[in-house]
Amino acid sequence: MAFTNEQMERYSRHIILKEIGVKGQKKLLASKVLIIGAGGLGAPAALYLAAAGVGTIGIADADAVDLSNLQRQIIHSTADLGKPKVLSAQESMEAINPDVQVNTYQEFITSSNIMDLIRDYDFILDGTDNFPAKFLINDACVMAGKPFSHAGIIRFKGQLMTVIPGEGPCYRCVFKNPPPKDAVPTCRQAGVIGAMAGVIGCLQALEAIKYITGTGELLVGSLLTFDALTMEFHKIRLPKKDPDCAVCGEHPTITKLIDYEQAACDWKPGEKV
Amino acid sequence: MKITVSGETKDVADGITVTELMEQEKVETPEYVSVSVNEEFISRGDFSSTKLKEGDTVEFLYFMGGGSAA
Ligand SMILES: [Zn+2]
């Protein structure tokens, strides 16, 4: 596949990087990334991955655009209110870069659909807001051997880690089981500064691009945390993969995906908090 | 004695336990925080019996949601 003149120009700032080059850009165009959640984290990640020329981007989200989303979910506009988030996200991505094939999945992820969703993708980006979804994504990706980026944000803090099954610890190695409903504050209850979603979502996009192009060191075996109040990043070196981990350990006890129950994070008018 | 907590050097009482350190550091919802000492996970049940030593590196790992319902 040869680049058109337009592509040479569009991706020139990537191509000039010795770590990316023509070869890396071709890898990006041939790659497939699935973003689960077209919200705070998924929005900036989707925009940058589309701009970067990731050839196929899947986006999964069951919700419609709500006024309270627009403080941070920059892939959607005021004119998109009420529109399914996946469609609004698709329009924004296609407007940035017509090279990108966008696949939309307007559904909640569950134990019964997630394996089919992730199957065709090279890298998964967890942009969900709730722990049942985060554990489901972890377990499914571990079982399917798919690399993924986990992230979370709350108030003025954010964190992310990258999981490559078999190479380092998984999310469950670190966090074991989802906390009980309402035990840990969600961003709906506690709030989140909008730009935090941008910082962490962009870091997730960087991890996807680095994975695809084989550039640099990934956050495998590390959890990167960011505190906007002190402007401090802290890279926590995680323990090795836990041999007793229920899903990636030596004798996994989780062999079937689990649908945990828990309230989600996005606030909707009229909904009980 | 000096230990490193979340990347910062702290002066703490000799033989402080993980539970005591969490109280001192005002860790929110400590029952849902994972802890590593020198890159080894400490089981939740061992927080109160695990005494820290000079030079130990302690990390608190917090649950964080955020993003979008999907
Ligand atoms: Zn694991």
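These figures come from a predicted structure and were not determined experimentally.

If you tally the helices and strands in chain A, you get ten helices and eight strands. Here the C-alpha atoms of chain A give a radius of gyration of 18 Å, agreeing with the 19 Å that 2.2 N^0.38 yields for 273 residues. With respect to the three principal axes, the spread of C-alpha positions in chain A is 55 × 45 × 40 Å. Restricting the contact set of chain A to residue pairs at least 6 apart, pairs at least 24 apart contribute 68%. For chain A, the accessible area works out to roughly 11,800 Å², and carbon and sulfur atoms hold 54% of it. One finds the centroid of the 27 positive side-chain charges in chain A at a distance of 4 Å from the centroid of its 30 negative side-chain charges.

Residue and element names in this part refer to chain A. On the protein side, the zinc ion has C170 (SG), C173 (SG), C245 (SG) and C248 (SG) as donor atoms, found 2.3 Å from it. Bound by four donor atoms, the zinc ion shows angles of 94 to 119 degrees at the metal and therefore tetrahedral coordination geometry. Binding-site remark: the zinc ion is held by donors from one chain whose sequence spacing is C-x2-C-x71-C-x2-C. In this pair, C173 sits in helix 8 (residues 171-175) while C245 sits in the segment after strand 8 (232-237), placing the two residues 72 residues apart along the sequence. Here the two residues C173 and C245 agree in accessibility, since each one is buried.

Attention now goes to the interface of chain A and chain B. Contact with chain A, which involves 53 residues of that partner, is made by 22 residues of chain B. Between chain A and chain B, roughly 2,700 Å² of surface is buried when both sides are summed, and carbon and sulfur atoms account for 62% of that area. Contact with chain B buries area across many residues of chain A, yet F175, H234 and P239 of chain A alone supply 19% of it, more than any other trio. For the pair chain A and chain B, the number of links is two salt bridges.

One can find D61 of chain A in the loop between strand 2 (56-60) and helix 5 (85-96). At a separation of 2.9 Å, a polar atom in the side chain of D61 of chain A contacts the main-chain amide nitrogen of D63 of chain A.

Our focus in this paragraph is the packing of helix 3 (residues 21-30) of chain A against helix 10 (residues 194-213) of chain A. Residue and element names in this part refer to chain A. Two numbers describe how helix 3 lies on helix 10: the axes approach to 9 Å, and their chain directions differ by 110 degrees. Compared by their axis directions, helix 3 and helix 10 come out roughly perpendicular. The handedness of the crossing between helix 3 and helix 10 comes out as right-handed. From helix 3, G24, K27 and L28 reach across to helix 10, where they touch I209, I212 and T213. Counted by class, the contact of helix 3 with helix 10 contains three nonpolar, two polar and one charged residues.

This part takes up the confidence of the model for chain B. On average, chain B scores 93 in pLDDT, and the residues at 70 or more come to 93%. Both scores are available for the predicted complex, with the pTM at 0.93 and the ipTM at 0.91.

Let us look at the sheet that holds strand 4 (residues 123-126) of chain A. Residue and element names in this part refer to chain A. Pairing is mixed across the open sheet formed by eight strands, whose spatial order is 3-2-1-4-5-6-7-8. Two strands bound the open sheet, and with one partner strand each, they are strand 3 (101-105) and strand 8. Adjacent strand axes in the sheet meet at a mean angle of 15 degrees, parallel and antiparallel pairs treated alike. Sheet strands in contact with helix 7 (residues 131-144) are strand 1 (32-36), strand 4, strand 5 (148-154) and strand 6 (157-163), and its direction is about 170 degrees off that of strand 5. Packed onto the sheet, helix 10 meets strand 1, strand 4, strand 5, strand 6, strand 7 (222-227) and strand 8 and runs at close to 15 degrees relative to strand 6.

Our focus in this paragraph is the nonpolar core. Residue and element names in this part refer to chain A. Ranked by internal contacts, the top residues of the largest apolar core, which has 37 residues, are L34, I109, I114, I124 and C170. Secondary structure elements with two or more residues in this core: strand 1, helix 6 (114-119), helix 7, strand 6 and helix 8. Here this core takes eight residues from helix 7, the largest share from any one element. When neighbours within four sequence positions are excluded, C170 is seen to be in contact with N138, V142, M161, V163, C245, V247 and C248. Ranked by size, the runner-up nonpolar core spans 27 residues in total, among them I35, A89, M93 and I209.

In this section: the sheet that holds strand 2 (residues 8-11) of chain B. What holds strands together in a sheet is hydrogen bonding between their backbones, with the strands either parallel or antiparallel. All names here are of chain B. Spatially, 2-1-5-3-4 is the arrangement adopted by the five strands of the open sheet, whose pairing is mixed. Unpaired on one side and paired on the other, strand 2 and strand 4 (40-42) mark the two borders of the sheet. Direction aside, neighbouring strands of the sheet carry axes that sit 35 degrees apart on average.

This paragraph deals with the packing of aromatic side chains. Under the counting rule described, the total for this entry stands at nine aromatic pairs over all chains. Site record: aromatic cluster; members linked through ring pairs are F131, F135, Y171, F175 and Y260 of chain A together with F63 of chain B. The ring of F3 of chain A carries the charged tip of K26 of chain A above its face, separated from the ring centre by 5.8 Å.

What follows is about the layout of surface pockets. By volume, the largest pocket is sized at about 990 Å³. The wall of the largest pocket is formed by 36 residues, among which K157, T225 and D227 of chain A together with S6 and Y62 of chain B lie closest to the centre. Only strand 6, strand 7 and strand 8 of chain A together with strand 2 and strand 5 (57-61) of chain B provide two or more residues apiece to the lining of the largest pocket. Lining the second largest pocket are 23 residues, and of these K176, P239 and D242 of chain A together with E40 and F41 of chain B lie nearest its centre. Residue assignment for the lining of the second largest pocket shows that the elements contributing at least two residues are helix 8 of chain A together with strand 3 (34-37) and strand 4 of chain B. For the lining of the second largest pocket, the residue count by class is eleven nonpolar, three polar and nine charged.

Criteria and cut-off values
Once a new chain begins, its residue numbering starts again from 1 and follows that chain's sequence as written. As a convention, the first chain written is A and the first ligand written is 1, with the rest following in written order. The predicted origin of the model limits local features to residues at a pLDDT of at least 70 and limits the giving and counting of side-chain atom pairs to 80 or more, whereas totals for whole chains, interfaces and linings rest on all residues. Each side-chain value is derived from all of the structure's non-hydrogen atoms; neither hydrogens nor water enter the calculation. Helix and strand assignments follow DSSP, with helices taken as H or I runs no shorter than four residues and strands as E runs no shorter than two, numbered in order from the N terminus. We compute the radius of gyration from the C-alpha atoms alone; for a globule the expected value is 2.2 Å times N to the 0.38, where N is the number of residues. Between two residues, a contact is recorded if the distance between any of their heavy atoms is within 4.5 Å. Accessible areas in this description were obtained via Shrake-Rupley with a 1.4 Å probe; residue shielding takes into account the shown protein chains only. Charge counting follows a simple rule: Lys and Arg are positive, Asp and Glu are negative, and His as well as the terminal groups are ignored. For this purpose, a charge sits on NZ of Lys, CZ of Arg, CG of Asp or CD of Glu. The donor set covers N, O and S atoms within 2.8 Å of the metal, switching to 3.2 Å for Na, K and Ca, and it leaves out water, so a site may look short of donors. Under the classification used here, a metal with four donors is tetrahedral if each angle lies between 85 and 135 degrees, square planar if opposite donors are over 155 degrees apart and the others between 65 and 115, a six-donor metal meeting that same test is octahedral, and anything else is irregular. In this scheme, a residue with accessible area under 20% of its type's maximum is buried, one over 50% is exposed, and one in between is partly exposed, where area comes from a 1.4 Å probe on protein chains only. Summed over both partners, the accessible area (1.4 Å probe) lost when two parts come together is defined as the buried area. Salt bridges are defined as contacts in which a side-chain nitrogen from Lys or Arg sits within 4 Å of a carboxyl oxygen from Asp or Glu. By the criterion applied in these results, polar contacts are pairs of N or O atoms within 3.5 Å in which, for protein atoms, one can donate a hydrogen and the other can accept it, and in which residues neighboring in sequence qualify only through two side-chain atoms. For helices, the fitted axis covers only the stretch in contact; all axes are lines through C-alpha atoms, and the angles between them, taken along N-to-C directions, range from 0 to 180 degrees. In this scheme, roughly parallel covers angles under 35 degrees and roughly antiparallel covers those over 145, while 65 to 115 is roughly perpendicular and the rest are oblique. Here is the rule for handedness: rotate from the far helix to the near one, and if that takes an anticlockwise turn smaller than a right angle the crossing is left-handed, while a clockwise turn gives right-handed. Polar here means any residue outside two lists: the nonpolar Ala, Val, Leu, Ile, Met, Phe, Trp, Tyr, Cys and Pro, and the charged Asp, Glu, Lys and Arg; Gly therefore counts as polar. Known as pLDDT, the predictor's confidence for each residue is given on a scale from 0 to 100. For two strands to be treated as a pair, DSSP must find at least two bridges joining them. Side-chain atoms within 4.5 Å are what join buried Ala, Val, Leu, Ile, Met, Phe, Trp, Tyr and Cys residues into a set we call a nonpolar core. Classification of ring pairs rests on two measures: the distance between centres of Phe, Tyr or Trp rings, Trp counted by its six-membered ring, which must be within 6.5 Å, and the angle between planes, read as stacked under 30 degrees, edge-to-face over 60 and tilted in between. Consider the ring centre and the ring normal. A charge sits over the ring if Lys NZ or Arg CZ is within 6 Å of that centre and within 35 degrees of that normal. Only protein atoms enter the 1 Å grid used here, on which a cavity is any set of points holding a 1.4 Å probe that cannot leave and a pocket is any open set flanked by protein within 12 Å on both sides along at least five of seven lines; residues with an atom within 4 Å of a point are listed as lining. Grid points are joined across faces, edges and corners, and a volume is the space filled by probe spheres set on the points.

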